[in-house]
Amino acid sequence: MKLLQAIKLANITLNNSVAMSPMTRARAEVDGTVNDATVTYYTQRASAGLLISEGANISEQAIGSPYTPGIYTKDQIESWKKVTDAVHETGGKIFAQLWHTGRVAHSVDKNDVLPVAPSALAIVGQQHFSSQGAMDYEVPRALETAEVKQVIQDYKQAAVNAIEAGFDGVELHAATGYLPNQFLAESANIRTDEYGGNIENRSRFILEVMAAVTEAIGEGKAGIKLSPSIPYNSILESDPVATYSYLIKELNNLPLAYIHLMNPLFLPEEGFEQYPKDVMGTLGTLTTHSIIANAGYTKETAEAELQKGIAKIISFGVPFIANPDLVKRFELNAELNQPDRATFYGGNEKGYIDYPFLDEAVL
Ligand SMILES: Cc1cc2nc3c(=O)[nH]c(=O)nc-3n(C[C@H](O)[C@H](O)[C@H](O)COP(=O)(O)O)c2cc1C
């Protein structure tokens, strides 16, 4: 079974080809530090070949939701060290996901400061889950060009901080409508400077972030998560294949560890014909980097995906919430625990670190 085979990702050897997809669990402290329960949570799941952390805010400006951790203060870096040390002690590997939410935020959780974005365009038809409940999105403040360059520096510094915190590498969250995705998409970016307009300009932000990050932390340590066929958070593209083909080909010029590519999710049957349904086949074939394929996989479909030879690793999200020993369960063809969606975001240890492991004694 390919899924359980050890594999090399850039210069890092992974114990198997299963990754844990990044998942926000909103259980950090108010100051963005992570606590002992988070150390336990990741350590419990460290038999995955690669763990990718929940999105970690790269700055105060980046924060979109309460109780999400950060990677920009000394205390935050120190708190993550406990996680990375514990994961490494069990033989696991862990990347930090770098997160700037841009307009997917609300001023009620930002000390009354408006969220920033490429352009002053609000998300419509959805609400934001804030500490005050579900709220309509506000029109964000458009970043000045000099501020865009500062955000790129913030990503770079966050990557350096992540390495200091003991992470094996970092992943840029450029998927599902967060700031990098906002720069890329026509529906969120109507800028007239070098970061807006044609595909080349809309891709510039992501490419400059990845160049800055790889320059700062070295080869084979930075990945990027992309969701070409997910028009969520008011992310709409008239020609997503053209946009992502350009971006993915340009990323070939940088020494990345991987591209984390998502299959379509929430794609309505009608009106979205321009979006590729077979993301791996259409766009995955354009990269020279390793691909981590994500979204909706079971053990069987993951195995079939690896057999196609495009993806090298499969990442699992929800199955890892409920099954800390997911790899073992795959190995033994064991039943999976079912996830409790009510405890995905926020709360305490319930639904976080209390999912049962297989009782090996009764096998
Ligand atoms: C509770 C929850 C939180 C998530 N948070 C993040 C996140 O912080 N960053 C990210 O890139 N994706 C996030 N995702 C998406 C997952 O990483 C993954 O892409 C998605 O769940 C699809 O994979 P799956 O079908 O294996 O669950 C989250 C998903 C869930 C269920």
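Owing to the predicted nature of the structure, the values given are computational and were not obtained by experimental measurement.

Colleague: Any chance you could explain the environment of D325 here in plain terms?
Modeller: Within the element layout of this structure, D325 appears in the loop between α9 (318-322) and α10 (326-332). The exposure class assigned to D325 is buried, which follows from its relative accessible area of 7%. Expressed as a C-alpha distance, the spacing of D325 and A48, which sit 277 residues apart in the sequence, is 8.3 Å. In this view, D325 contacts P356, F357 and L358; residues no more than four positions away in its chain are not counted.

Colleague: Would you explain a nonpolar patch on the surface in this entry?
Modeller: Nonpolar side chains collect at one region of the surface, where Y232, L265 and F266 lie side by side and expose about 290 Å² of accessible area between them. Tracing the backbone through its elements, the reader meets F266 in the loop between β12 (258-262) and α7 (279-282).

Colleague: Explanation requested: helix α3 (residues 145-164) in the structure shown.
Modeller: Two residues of an α-helix separated by three or four positions point the same way, owing to the 3.6 residues in each turn. Over its 20 residues, α3 runs 29 Å from end to end, which matches the ideal 28 Å to within 8%, given 1.5 Å per residue. Every buried residue of α3 is accounted for by V148, V151, I152, D154, Y155, A158, A159, N161 and A162. Taken together, the buried residues of α3 touch α2 (74-89), β5 (94-99), β10 (169-173), α4 (179-184) and α5 (199-217).

Colleague: Any chance you could explain the sheet that holds strand β3 (residues 18-20) here in plain terms?
Modeller: Within a sheet, neighbouring strands are paired by backbone hydrogen bonds and run either parallel or antiparallel to one another. What the eight strands build is a closed barrel, ordered β3-β4-β5-β10-β11-β12-β13-β14; its pairing is parallel. Each strand of the sheet is rotated relative to its neighbour by a mean of 25°, with strand direction disregarded. Relative to the sheet, α5 contacts β10 and β11 (222-226), its axis offset from that of β11 by approximately 155°. Across the sheet, helix α6 (residues 240-251) lies against β11 and β12, angled at about 175° from β11, the strand it touches most.

Rules used in this analysis
Residues numbered from 1 in each chain as written. Predicted model: local features only at pLDDT ≥ 70, side-chain atom pairs only at ≥ 80, totals over all residues. Heavy atoms only, no water. Helix = DSSP H or I, 4+ residues; strand = E, 2+ residues; numbered from the N terminus. Buried < 20%, exposed > 50% of the residue type's maximum accessible area, 1.4 Å probe, protein only. Contact = heavy atoms within 4.5 Å. Patch = residues over 30% accessible without salt bridge, like charges linked within 9 Å, V, L, I, M, F, W, Y side chains within 5 Å. Areas by Shrake-Rupley, 256 points an atom, 1.4 Å probe, with all protein chains shown as cover. Salt bridge = Lys/Arg side-chain N within 4 Å of Asp/Glu carboxyl O. Expected span 1.5 Å × (residues − 1). Pairing = 2+ DSSP bridges. Axes fitted to C-alpha atoms, helices over the stretch in contact; angles between N-to-C directions.

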